[in-house]
Amino acid sequence: MKSENKLSLALGGGSAFGFAHAGLLKTLSEKNIKISELSACSMGAIIAGLMAKFDSGDKVFDFVINISKKDIFNFFNFRFDNYSLFSEKKVRKFFSDCIGDMKIGEASFELKIIASDCDKNLVIFDKNVKIVDAIMASAALPGLLPAQNGLYDGGFNTIVPVNVLTQNNFKIASNVYYIPSKKAWWLNFSILKQFIRTRKESSAADFVFEYNFQNGGMLNFFNIKKYAENGYEQSKRILEGEEWKI
């Protein structure tokens, strides 16, 4: 696989599975593949925000696999105010402690974090917006995290935001939605629809990383280390035999 153009990467949503993106970033770092542009939504936006802060796939991976089960447990909203499973205040504090007041325009690469408005229109955050504010809105999913100033999960518009990447760049899509089992397919109908949609959106890229999580567990945030390591191992296998010149 060769390209003389700059590399653009789109990180899709996928709840807990999205931590597999950290494994991909580690693989790209080990291959000395430099990212010039990064678009992301939902869980992908969180990983993109960490990449902006650390500017190293290895450091993002190390941060993710060291998020403890205690950290995740502390995210839970036991009062269930705003009808959300996770506390917006606690999640925001966790990422603010890491990323601070860093703004989108301060990343070493072009960063495009995606959210959706009430009409499911695409929103790309301005370079002067704080990264933490952007990722909180991009990951705001009813039932999990409350909306942020009328903005919701970017996945309501595009799950894998390849469509906002620079046209002439070499575009990579990272799709973490798992392939539903053939058993009890009727229970997986909505997931199957999402899977088909992500494949369609990813097809606009020049190269696609698609991770196979056969056993489900999309909402199992206690397994994030496993998902990050899975993403690392799968992305390495996907790249085997590929020759890159970016």
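Because the structure is predicted, anything quoted here is derived from the model rather than measured.

With respect to the packing of helix H3 (residues 57–65) against helix H8 (residues 224–239)
Turning to step 1, where the next piece is worked out: Where H3 contacts H8, the axes come no closer than 8 Å and their chain directions differ by 150°. On the basis of their axis angle, the class for H3 and H8 is roughly antiparallel. Facing H3, whose interface residues are Phe61, Val64 and Ile65, H8 presents Ile224, Lys225, Ala228, Glu229 and Tyr232.
Turning to step 2, where the next piece is worked out: Taken together, the residues of the contact of H3 with H8 sort by class into six nonpolar, no polar and two charged.

Structural notes on H8
Turning to step 1, where the next piece is worked out: Its 16 residues place the ends of H8 22 Å apart at the C-alpha level, agreeing with the 22 Å of an ideal helix rising 1.5 Å per residue.
Turning to step 2, where the next piece is worked out: Every buried residue belonging to H8 is among Ile224, Tyr227, Ala228, Gly231, Tyr232, Gln234, Ser235 and Leu239, and all of these are buried.
Turning to step 3, where the next piece is worked out: Turning to H8, the residues buried within the fold contact helix H1 (20–30), H3, helix H4 (69–75) and strand S7 (207–210).

Some thoughts on the side chain of Ser235
Turning to step 1, where the next piece is worked out: With respect to the helices and strands, Ser235 occurs in helix H8.
Turning to step 2, where the next piece is worked out: Polar contacts involving the side chain of Ser235 include one to the side chain of Thr27, which spans 2.6 Å.
Turning to step 3, where the next piece is worked out: Excluding residues that lie within four positions of it along the chain, Ser235 makes contacts with Gly23, Leu24, Thr27, Phe209 and Tyr211.

Regarding the nonpolar core
Turning to step 1, where the next piece is worked out: Leu9, Phe19, Leu38, Leu111 and Ile131 are the most contacted members of the largest nonpolar core, which totals 77 residues.
Turning to step 2, where the next piece is worked out: Among the elements that take part in this core, helix H2 (residues 43–54) stands out by supplying eight residues, more than any other.

A look at the pairing of strand S6 (residues 170–175)
Turning to step 1, where the next piece is worked out: A large share of S6 lies buried, amounting to six of its six residues.
Turning to step 2, where the next piece is worked out: Covered by surrounding structure in S6 are Phe170, Ile172 and Ser174 together with Lys171, Ala173 and Asn175, the residues of both alternating faces.
Turning to step 3, where the next piece is worked out: As judged from the four bridges shared by S6 and S7, these two strands associate in the parallel manner. Its bridge partner being in S7, Ser174 is matched across the sheet by Phe209.

A short note on unusual backbone geometry
Peptide bonds are trans in most cases, and residues, glycine excluded, mostly fall at negative phi.
Turning to step 1, where the next piece is worked out: The backbone phi angle of Ser42 is positive, close to 55°, even though this residue is not glycine.
Turning to step 2, where the next piece is worked out: In this fold, Ser42 is placed in the loop between strand S2 (37–41) and H2.
Turning to step 3, where the next piece is worked out: Its identity is not glycine, yet Lys120 carries a phi of approximately 65°, on the positive side.

Side note on H1
Turning to step 1, where the next piece is worked out: For H1, the buried fraction is high: nine of the eleven residues fall into the buried class.
Turning to step 2, where the next piece is worked out: All of the buried residues along H1 are Ala20, His21, Ala22, Gly23, Leu24, Leu25, Lys26, Thr27 and Leu28.
Turning to step 3, where the next piece is worked out: Of the residues flanking the end of H1, it is Asn32, one or two places downstream, whose phi is positive at about 55°.

Quick look at the packing of aromatic side chains
Turning to step 1, where the next piece is worked out: By the definition in use, this model includes eleven aromatic pairs.
Turning to step 2, where the next piece is worked out: For the ring pair Phe94 and Phe95, a centre distance of 5.2 Å and an interplane angle of 90° mean the geometry is edge-to-face.
Turning to step 3, where the next piece is worked out: Here a set of aromatic residues connected by ring pairs shows up, and it is made of Phe54, Phe63, Phe75, Phe94 and Phe95.
Turning to step 4, where the next piece is worked out: The ring of Tyr232 is capped by Lys26, whose NZ or CZ atom sits 5.3 Å from the centre of that ring.

Let's talk about the pattern of salt bridges
Turning to step 1, where the next piece is worked out: Counted under the stated rule, the structure contains twelve salt bridges.
Turning to step 2, where the next piece is worked out: A salt bridge links Asp58 to Lys26; the nearest nitrogen and oxygen atoms lie 3.4 Å apart. In this pair, Asp58 sits in helix H3 while Lys26 sits in helix H1, placing the two residues 32 residues apart along the sequence.
Turning to step 3, where the next piece is worked out: On the basis of relative accessibility, which here comes to 27%, the residue Asp58 falls in the partly exposed class.

Considerations on a nonpolar patch on the surface
Turning to step 1, where the next piece is worked out: Taken together, the side chains of Phe73, Phe78 and Phe222 present a nonpolar region at the surface, about 330 Å² in accessible area.
Turning to step 2, where the next piece is worked out: For Phe73, the location among the structural elements is in helix H4.
Turning to step 3, where the next piece is worked out: The class of Phe73 is partly exposed, set by a relative accessible area of 45%.

Points about the environment of Ser203
Turning to step 1, where the next piece is worked out: When you line up the elements, Ser203 lands in the loop between helix H7 (189–202) and S7.
Turning to step 2, where the next piece is worked out: Judged by its relative accessible area of 54%, Ser203 is exposed.
Turning to step 3, where the next piece is worked out: As for Ser203 and Ile172, which are separated by 31 residues in sequence, their C-alpha atoms are 9.7 Å apart.

Topic: the packing of H2 against H3
Turning to step 1, where the next piece is worked out: It is at 9 Å that the axes of H2 and H3 come closest, and there the two elements cross at 125°. The angle between the axes of H2 and H3 places the two elements in the oblique class. The element H2 and its partner H3 pack so that their crossing is right-handed. Side by side, H2 and H3 meet where Ile47, Leu50, Met51 and Phe54 of the first sit next to Gly57, Lys59, Val60, Phe63 and Val64 of the second.
Turning to step 2, where the next piece is worked out: Of the residues belonging to the contact of H2 with H3, the class tally is seven nonpolar, one polar and one charged.

Rules of the game
- Residues numbered from 1 in each chain as written.
- Predicted model: local features only at pLDDT ≥ 70, side-chain atom pairs only at ≥ 80, totals over all residues.
- Heavy atoms only, no water.
- Axes fitted to C-alpha atoms, helices over the stretch in contact; angles between N-to-C directions.
- Helix = DSSP H or I, 4+ residues; strand = E, 2+ residues; numbered from the N terminus.
- Parallel < 35°, antiparallel > 145°, perpendicular 65-115°, else oblique.
- Contact = heavy atoms within 4.5 Å.
- Nonpolar A, V, L, I, M, F, W, Y, C, P; charged D, E, K, R; others polar.
- Expected span 1.5 Å × (residues − 1).
- Buried < 20%, exposed > 50% of the residue type's maximum accessible area, 1.4 Å probe, protein only.
- Polar contact = N/O pair within 3.5 Å; in protein donor to acceptor, adjacent residues only side chain to side chain.
- Core = buried A, V, L, I, M, F, W, Y, C linked by side-chain atoms within 4.5 Å.
- Pairing = 2+ DSSP bridges.
- Phe/Tyr/Trp six-rings, centres within 6.5 Å; stacked < 30°, edge-to-face > 60°.
- Lys NZ or Arg CZ within 6 Å of the ring centre and 35° of its normal.
- Salt bridge = Lys/Arg side-chain N within 4 Å of Asp/Glu carboxyl O.
- Patch = residues over 30% accessible without salt bridge, like charges linked within 9 Å, V, L, I, M, F, W, Y side chains within 5 Å.
- Areas by Shrake-Rupley, 256 points an atom, 1.4 Å probe, with all protein chains shown as cover.
- Left-handed = near helix turned anticlockwise from the far one by under 90°.

Keep in mind these numbers describe shape, not what the thing actually does.
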